[in-house]
Amino acid sequence: MKKFISTLLIAITLTTAMPRRSEAMAFLSFAAGAVGTVWFSDDHTPGGRLGFWSSAAVMTAGFLATVSCFWTGGGTCALAKEETPRNIPGLTPEYLAENGYDGATAAALIAQDQTFIESIRGNLLVVEPSDNSQTLGAGIRTKFPAASEEYVQLLAVRLGVPVAQ
Amino acid sequence: MKVRNFFLFVCVLNFERQAHFYTQWVNEVFANKGSQYRVYNEATPANWLECIQQGADEVVVIAHSLAIKDGGKVISLGYYRQLEPPQRSELLSKAHQYFSTELERMDQEIRDLETSGRNSFERHQNRYQDYINSLKIQRRDLEARFHRVEAFPEDKPLYEISTILPKIFQRMKESSKAGNFKWKKLRIAACNPDKVFEPYPELRELIQSHGIEVEYGVRPLLNYFSSEETAIVTKGWLEKSLRR
């Protein structure tokens, strides 16, 4: 019983230490299998043997899943992420037209985009995940004070960072 | 008994590329099903607006969700844009230039290390050869990519994945005041389906104010084990738009 409880406690501790749900779930299977294996290890009845080998199978599957989760990063949307470009392409009339902008607004935004790109060249605006709307807005406006509100909003969506509405 | 509504106008906006298997499924499911089903493959946001303006009752969206970086807070909807010939050749030439410059730089670095770096601390630490070997592996990978760019087929399209901009939903909101606004249902398959509305307040408002029903793609069992929520497309899910 003591052996069982200590295995259980170790398993719970390690499971909660897993960085992501995927790893945690896979590791939980491994841990549950391990606990079961320990529980049934001294039971030599036919039922006990069945319990032992089933637990061992769950433990092995859980172990393989844990390794595989760590190996693959656990994400199922990895492809979409991989394909997300590192560089945000400049605005073009076609892209803006496809997104509902009229010609005059599109031309104004493209002009701002070109000025903005020039202004940050060699002095790249770094947007960290921890940046909030204020710092992004402030960052853009410091580097490019003439940016219109529409341009700041548009850039924020393209950069994937929220800007206060 | 459910009566099939023959006048239901369904727009299928497949933002995937032509060669993707989702496109094949979309074509298989909606081919020859009548004019009430309008399919846009390699769709653009403008097609979405067009559907709404023409009185679509149901819109089916297959899109990517884009997070610019892993920790990014906003996950927007994305679509593939086929590059026009000038942009295409510009991109290929940029890639060609980049890879050849990088290859030259690496060759120089390897040469320098092999000649002048022999007595360096790195070598003394027995890491010198390992470092050169790792550079050579990187170089081989780079060279393979360089050759892929060089031999890129003329007829193969090149795409850039772009963010759907909020403007299109502002335009939809304006259109919603017109008489033929009939939008009742949005069926959407994308990764992070619960987050993709965040950068589009106009779309959220539109959904709320008009009581548009939102149905997500199939949430695979894998979601349970994954740190990321996804809503995928299956043929069965697409076929649900046919069963009325």
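Above: the structure in question.
Residues numbered from 1 in each chain as written. Chains lettered and ligands numbered in written order. Predicted model: local features only at pLDDT ≥ 70, side-chain atom pairs only at ≥ 80, totals over all residues. Heavy atoms only, no water.

*Asks:* For the overall build of chain B, give the residues involved together with the corresponding values.
*Replies:* Of regular secondary structure, chain B possesses 9 helices and 8 strands. A total of 244 residues make up chain B; the buried ones form 47% of that total. Sequence separation of at least 24 residues holds for 76% of the intrachain contacts in chain B that already meet a minimum separation of 6. Surface accessibility of chain B: about 13100 Å² in total, with carbon and sulfur atoms responsible for 51%. (Helix = DSSP H or I, 4+ residues; strand = E, 2+ residues; numbered from the N terminus. Buried < 20%, exposed > 50% of the residue type's maximum accessible area, 1.4 Å probe, protein only. Contact = heavy atoms within 4.5 Å. Areas by Shrake-Rupley, 256 points an atom, 1.4 Å probe, with all protein chains shown as cover.)

*Asks:* Break down the sheet that holds strand β5 (residues 76–82) of chain B for me, with residues and values.
*Replies:* Residues and elements named next belong to chain B. The 3 strands are arranged β4-β5-β6 in an open sheet whose pairing can be described as antiparallel. Either end of the sheet is taken by a strand with one partner, and the two such strands are β4 (64–66) and β6 (159–163). On average, adjacent strands in this sheet sit at an angle of 50° to one another, irrespective of strand direction. By the bridge criterion, 3 bridges tie β4 to β5 in an arrangement that is antiparallel. The residue bridging Leu 66 from the neighbouring strand is Ser 76, located in β5. (Pairing = 2+ DSSP bridges. Axes fitted to C-alpha atoms, helices over the stretch in contact; angles between N-to-C directions.)

*Asks:* Let's hear about the state of the cysteines: which residues, and what values?
*Replies:* All names here are of chain B. Overall, the coordinates contain 1 disulfide over all chains when judged by the stated rule. Covalently, Cys 11 is tied to Cys 51 through a disulfide, its sulfur atoms 2.0 Å apart. On the S-S bond that ties Cys 11 to Cys 51, the torsion sits near -85°, and the link is left-handed. Of the two residues, Cys 11 is situated in strand β1 (residues 10–14) and Cys 51 in helix α2 (residues 45–53); the sequence distance between them amounts to 40 residues. Each member of the pair Cys 11 and Cys 51 is classed as buried. (Disulfide = S-S within 2.5 Å.)

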